[in-house]
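Chain by chain, the residues:
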Amino acid sequence: MLSRVAESIYWMSRYIERAENVARFVDVNLHLMLDMPVGMQTQWEPLVATTGDDEVFAERYGDASRESVIRFLTFDTENPNSITSCLRAARENARSVRENISSEMWEQLNDAYLLVTNTSEEWAMAEPHEFFRDTKLASHLFMGLTDNVMSHGEGWHFSQLGRLIERADKTSRIVDVKYFILLPSVWDVNTSFDDIQWGALLHSASGFEMYRRTYGLISPDNVVAFLLLDREFPRSVLYCLSKAEESLHAISGTPLETFSNSAEQRLGQLRAEFAYAQVKQVLSSGLHEFLDAFQIKLNSVGDDIHKTFFALRPVNGEFTAEEPLL
């Protein structure tokens with residue numbers, strides 16, 4: 001497989017996963033508004049902080065209101081992390097490698113893009129739950145098609161790698177935002193409102209029911225452990241890192257626990273760090289610091305993946321993007 005093809009498939013999946021996560025965050029916050037106590041101020045700014053675009057948002061929109069945040073995260077074409085921008089980027093990557101994906105995958109991704117671009121902002125503001133539900137389902141359908149109609153070779157593993165790296169990043173960000181931004185006052189700790197917010201955090205990762213089956217009652221320590229360190233929940237950080245590592249080794253053709261390149265080594269070290277972490281130790285040493293360091297390391301994994309598989313390689317004294325991956 002050519003490096004440019006692998007890169008397009010990798011980023012196609014990353015952008016689709018990113019679009020779905022944004023739709024998930026916004027929809028959960030809309031539902032949270034219905035459960036909030038009377039007189040409690042709605043919190044929209046943390047959603048922008050989750051994507052890391054809070055400074056850009058503040059410059060362009062000022063105060064974070066329901067309408068401005070939904071517009072910025074959904075329809076703003078100048079925001080590279082908006083749903084519209086992510087689906088457009090995913091579609092363009094898919095267009096460049098149509099011969100490497102199935103026609104069903106292309107049609108579904110195209111339908112998802114048209115679903116968002118053909119929706120008026122006025123209707124989305126009036127019927128946000130239906131709109132974001134349809135956006136999430138469109139992403140789920142694409143992922144289901146990818147798993148069921150695409151050969152599980154190099155291309156599929158690059159798709160998995162992109163999706164899981166993106167998912168691990170977003171799960172870490174929503175946990176970080178909840179723990180340090182969402183809680184409005186120390187007086188709300190251990191109250192019913194605090195339980196509602198932790199429940200909303202689980203819903204944002206589609207993990208509420210699975211968490212209850214595992215732990216029962218909601219507690220902050222257990223929620224953090226479930227979303228960061230659970231080995232079986234598909235959206236936990238540890239699960240994502242473990243499956244991403246498997247795909248990375250499948251691409252390289254090397255067994256686990258051996259390293260043939262810097263990407264494998266860095267991702268393996270990061271996975272091991274989470275595999276042996278204890279939630280009480282993480283919380284006592286500082287959850288924000290732990291997650292901030294993780295996001296920096298995960299970005300380095302992404303950089304190493306680019307250098308190892310996608311970067312131009314010298315051939316006869318010239319650089320080319322048409323070299324095979326290995």
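As the structure is a computational prediction, the values presented were derived from the model and not from experiment. (Residues numbered from 1 in each chain as written. Predicted model: local features only at pLDDT ≥ 70, side-chain atom pairs only at ≥ 80, totals over all residues. Heavy atoms only, no water.)

Engineer: Even after reading the chapter, I still don't get the overall build of the chain, so can you show me in this structure?
Structural biologist: Check the secondary structure of the chain and you find 16 helices and two strands. By the burial criterion, 53% of the 326 residues in the chain qualify as buried. Long-range pairs, those at least 24 residues apart, make up 63% of the contacts in the chain between residues at least 6 apart in sequence. Summing over all exposed atoms, the chain offers an accessible surface of approximately 14900 Å²; the carbon and sulfur share of this is 50%. (Helix = DSSP H or I, 4+ residues; strand = E, 2+ residues; numbered from the N terminus. Buried < 20%, exposed > 50% of the residue type's maximum accessible area, 1.4 Å probe, protein only. Contact = heavy atoms within 4.5 Å. Areas by Shrake-Rupley, 256 points an atom, 1.4 Å probe, with all protein chains shown as cover.)

Engineer: Would you explain the nonpolar core in this entry?
Structural biologist: Nonpolar side chains tend to gather and get buried jointly when the protein is soluble and globular. Residues Met12, Val26, Leu161, Leu227, Leu228, Leu241 and Phe274 are the most contacted members of the largest nonpolar core, which totals 87 residues. At 12 residues, helix α1 (residues 3-35) tops the list of elements feeding residues into this core. Those residues in contact with Leu161 that sit more than four places away from it in its chain are Tyr10, Ala244, Leu248, Ile251 and Ile305. (Core = buried A, V, L, I, M, F, W, Y, C linked by side-chain atoms within 4.5 Å.)

Engineer: Can you help me understand the environment of Ile251 in this one?
Structural biologist: Along the chain, the position of Ile251 falls in helix α13 (residues 237-252). Between the C-alpha atom of Ile251 and that of Leu161, which follows or precedes it by 90 residues, the distance is 9.8 Å.

Engineer: Whenever I open this one, the packing of helix α5 (residues 83-96) against helix α6 (residues 103-117) confuses me. Can you help?
Structural biologist: To characterise two packed helices, one gives the angle between the axes of the helices and the distance between these axes. Relative orientation of the contacting elements α5 and α6 amounts to 155°, with a least axis distance of 9 Å. On the basis of the axis angle, α5 is roughly antiparallel to α6. The handedness of the crossing between α5 and α6 is left-handed. Along the contact surface, α5 presents Ile83, Thr84, Leu87, Arg88, Ala90, Arg91, Ala94 and Arg95, while α6 presents Trp106, Leu109, Asn110, Ala112, Tyr113, Val116 and Thr117. Each residue belonging to the contact of α5 with α6 can be placed in one class, and the counts come to nine nonpolar, three polar and three charged. (Axes fitted to C-alpha atoms, helices over the stretch in contact; angles between N-to-C directions. Parallel < 35°, antiparallel > 145°, perpendicular 65-115°, else oblique. Left-handed = near helix turned anticlockwise from the far one by under 90°. Nonpolar A, V, L, I, M, F, W, Y, C, P; charged D, E, K, R; others polar.)

Engineer: Would you take a moment to explain the pattern of salt bridges for this structure?
Structural biologist: Pairing is possible between side chains of opposite charge, provided their charged atoms come close. This model, assessed by the stated rule, comprises 23 salt bridges. With its nearest N and O atoms 3.5 Å apart, the salt bridge here joins Arg95 to Glu92. Linking Arg95 with Glu92, this pair stays in helix α5, spanning three residues, or about one helical turn. Among the charged side chains, a salt-bridge network with shared partners connects Arg14, Arg18, Glu166, Asp169, Lys170 and Arg173. (Salt bridge = Lys/Arg side-chain N within 4 Å of Asp/Glu carboxyl O.)

Engineer: Looking at this model, I keep getting lost on the packing of aromatic side chains. Mind explaining?
Structural biologist: Ring pairs (aromatic) are described by centroid distance and by the angle formed between their planes. Within the structure shown, the criterion is met by 16 aromatic pairs. Measuring from centroid to centroid gives 5.1 Å for Phe57 and Tyr61, while their planes differ by 10°, and the two rings are stacked. Residue Phe57 and its partner Tyr61 are located together in helix α3 (residues 54-61), separated by four residues, close to a single helical turn. Using a relative accessible area of 3% as the deciding quantity, one classes Phe57 as buried. With relative accessibility at 25%, the residue Tyr61 sits in the partly exposed group. (Phe/Tyr/Trp six-rings, centres within 6.5 Å; stacked < 30°, edge-to-face > 60°.)

Engineer: Please explain the packing of α3 against helix α4 (residues 66-74) as it appears in this structure.
Structural biologist: Contact pair α3 / α4: the axes reach a minimum separation of 11 Å and the direction vectors enclose 120°. The angle between α3 and α4 falls in the class oblique. Crossing hand, α3 versus α4: right-handed. Residues Val56, Phe57, Arg60 and Tyr61 of α3 lie in contact with α4, whose contacting residues are Ser68, Val69, Arg71 and Phe72. Of the residues assigned to the contact of α3 with α4, the class counts are five nonpolar, one polar and two charged.

Engineer: Help me understand helix α8 (residues 128-149), please; the structure alone is not making it clear to me.
Structural biologist: An α-helix turns once every 3.6 residues. As a result, residues three or four positions apart point the same way. Spanning 22 residues, α8 covers 31 Å between terminal C-alpha atoms, matching the ideal 32 Å at 1.5 Å per step. Buried within α8 we find Pro128, Phe131, Phe132, Thr135, Lys136, Ala138, Ser139, Phe142, Met143, Leu145 and Thr146. (Expected span 1.5 Å × (residues − 1).)

Engineer: Before we go on, may I ask you to explain a negative patch on the surface in this structure?
Structural biologist: There is a patch of like negative charges on the surface, built from Glu45, Asp54, Glu55, Glu59 and Asp63. If you tally residues by element for the negative patch, the top one is α3, at three residues. With respect to the secondary-structure elements, Asp54 resides in helix α3. (Patch = residues over 30% accessible without salt bridge, like charges linked within 9 Å, V, L, I, M, F, W, Y side chains within 5 Å. Lys, Arg positive; Asp, Glu negative; His and termini not counted. Charge placed at Lys NZ, Arg CZ, Asp CG, Glu CD.)

Engineer: Can you walk me through unusual backbone geometry in this structure?
Structural biologist: Negative phi values dominate among residues other than glycine, just as trans dominates among peptide bonds. With phi around 50°, Ser206 is a residue other than glycine that occupies positive phi space. Among the secondary structure elements, Ser206 is positioned in the loop between α10 (192-204) and α11 (208-215). Positive phi outside glycine occurs at Glu257, with the angle close to 75°. Mapping Glu257 onto the fold places it in the loop between α13 and α14 (262-275).

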